[in-house]
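# Structure at a glance
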Amino acid sequence: MQKPIYLDNAATTAVKPEVLEAMMPYFTERFGNPSSVYGFAAQNKSVVTEAREIIAKALGTNTQDIYFTAGGSESDNWAIKATAEAYRDKGNHIITTKIEHHAVLHTCEYLEKQGFEITYVDVDEQGIVKLDEIKKAIRPTTILITVMFANNEIGTIQPIKEIGELAKENNIIFHTDAVQAFGQIDIKVDDYHIDLLSASGHKLNGPKGIGFLYIRKGLKLRSLIHGGAQERKRRAGTENVPGIVGLGKAVEIAMNTMEEKQKKEIALRDRLIKRVLEEVPYVRLNGDRIKRLPNNANFSFQFIEGESLLIMLDMQGICASSGSACTSGSLDPSHVLLAIGLPHEIAHGSLRLTLCESNTEEEIDFVVEKVKEIVEKLRSMSPLYEDFIKKGVF
């Protein structure tokens, strides 16, 4: 069997060999609990600190502002729930967007049941949040604005700096889910006026089950998980030392190779987008052509079902998705595609291809050819497409 062509890096990435190598000793000979007092275990405190320093440097902040978690979903939950709890005496209103990851949307839905008021701001047809809408949504009771740095489905990069400035001007806490963006884009928290930032290791060639939350110094957020005194008494539980080491190494590599990686991914992405738009009829690119993640291409094909396209691509050894991996079992169309104004029948025909720097032009060209073949085949079996060709009406 030939090696699959992997184009689902928004769902998860491969752990780099250097990352795995750095992690391995902490599963075996250096397995000690960092909270133990004897030297054998206490040595592991230093590697946890080193990883924290690498991440803090990447964000342009201090080590004491970085808290390790089990991943992006925990970080999102912690940031939003803890802010709501800590600042409820000031107000009960939170602003977010309609295209957030479900780790944010479902947390906001939970808080609505607890008496909080949530405003879900619209985005434009490119998936970019409307700043005027955020400005209009602000109330005296607004305590938090949470907007993702870049969308996990259509790749659009949001005007985070402007949103951060707006939040700062109004003395509102600003959280960004940077799970897709961190490691892909250079993010310095002070430049963007970010108070809280979520990230996850497995999106940047690190291990699964590890992430972090940046908490700006001075925010009075309580723990999400109670127990021991780990993470400066803010996040209980024995530290995942191998995961932390792997995350630190992955961040170090990402920062050192970012410019080169961006150039290669953008070139491959643009080649993919150009060919699909020029060679496949009745297709649209979802998301902004320029303001998007370097590795993201998301298309909607009329007259076909995305699930059928995915299955047939899989039979050709191509790994892709129709949207977020967290909702892959759902038959409903993407909430992101509906939010940018696509009708259900077109949203159902979506395909997300997210590449990495190890992909090649030959792989991209092979994928385009297979997409063309499969789309043509699926449309040949579609009564809707047949009617459209005969009558020119859809």
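Relevant structure appears above.
Overview of the structure.

What follows deals with the sheet that holds strand β5 (residues 142–146). Across the sheet, seven strands lie side by side as β2-β8-β7-β6-β5-β3-β4; this open sheet has mixed pairing. Both outer strands of the open sheet, β2 (66–69) and β4 (117–121), are each paired with one neighbouring strand and no more. Going from strand to strand, the sheet's axes swing by 20° on average, the running direction of each strand aside.

Right, let's talk about the side chain of Thr 69 for a bit. With respect to the helices and strands, the residue Thr 69 is situated in strand β2. Side chain to side chain, Thr 69 and Ser 75 meet in a polar contact 2.8 Å long. When residues no more than four places from it in sequence are discounted, the contact partners of Thr 69 are Glu 74, Ser 75, Trp 78, Gly 209, Ile 210, Gly 211, Phe 212, Leu 213 and Arg 235.

The next thing to look at is the environment of Ser 358. Summarising the element assignment, Ser 358 is placed in the loop between β12 (350–354) and α13 (361–380). You can call Ser 358 exposed: its relative accessible area is 54%. Spatially, the C-alpha atoms of Ser 358 and Tyr 6 are 9.7 Å apart, while their sequence positions differ by 352 residues.

With that settled, the discussion passes to the nonpolar core. Counting residues in each nonpolar core, the largest one holds 60 residues, and the members touching the most others are Leu 59, Leu 197 and Phe 212. If one sorts the elements of this core by residue count, helix α9 (residues 241–279) sits on top with eight residues. Not counting residues within four places of it along the chain, the set of residues in contact with Leu 197 comprises Leu 59, His 175, Thr 176, Ala 178, Ile 187, Val 189, Phe 212, Leu 213 and Tyr 214.

All told, the structure shown has 25 salt bridges when counted by the stated rule. Between Asp 195 and Arg 216 there is a salt bridge, with the nearest N and O atoms lying 3.1 Å from each other. Taken as a pair, Asp 195 in the loop between α7 (189–192) and β7 (196–200) and Arg 216 in the loop between β8 (211–215) and α8 (230–233) lie far apart in primary sequence, 21 residues in all. Overall, the relative accessible area of 23% leaves Arg 216 in the partly exposed class.

Ordered in space as β9-β10-β12, the three strands form an open sheet in which the pairing is antiparallel. At either margin of the open sheet sits one strand with a lone partner, and together these are β9 (283–285) and β12. Between one strand axis and the next, the sheet turns through 25° on average, direction left out of account. When strand β10 (residues 296–301) meets β12, the two strands line up antiparallel, connected through five bridges. Paired with Asn 298 across the bridge in β12 is Arg 352.

Thresholds, definitions, all that
- Residues numbered from 1 in each chain as written.
- Predicted model: local features only at pLDDT ≥ 70, side-chain atom pairs only at ≥ 80, totals over all residues.
- Heavy atoms only, no water.
- Pairing = 2+ DSSP bridges.
- Helix = DSSP H or I, 4+ residues; strand = E, 2+ residues; numbered from the N terminus.
- Axes fitted to C-alpha atoms, helices over the stretch in contact; angles between N-to-C directions.
- Polar contact = N/O pair within 3.5 Å; in protein donor to acceptor, adjacent residues only side chain to side chain.
- Contact = heavy atoms within 4.5 Å.
- Buried < 20%, exposed > 50% of the residue type's maximum accessible area, 1.4 Å probe, protein only.
- Core = buried A, V, L, I, M, F, W, Y, C linked by side-chain atoms within 4.5 Å.
- Salt bridge = Lys/Arg side-chain N within 4 Å of Asp/Glu carboxyl O.

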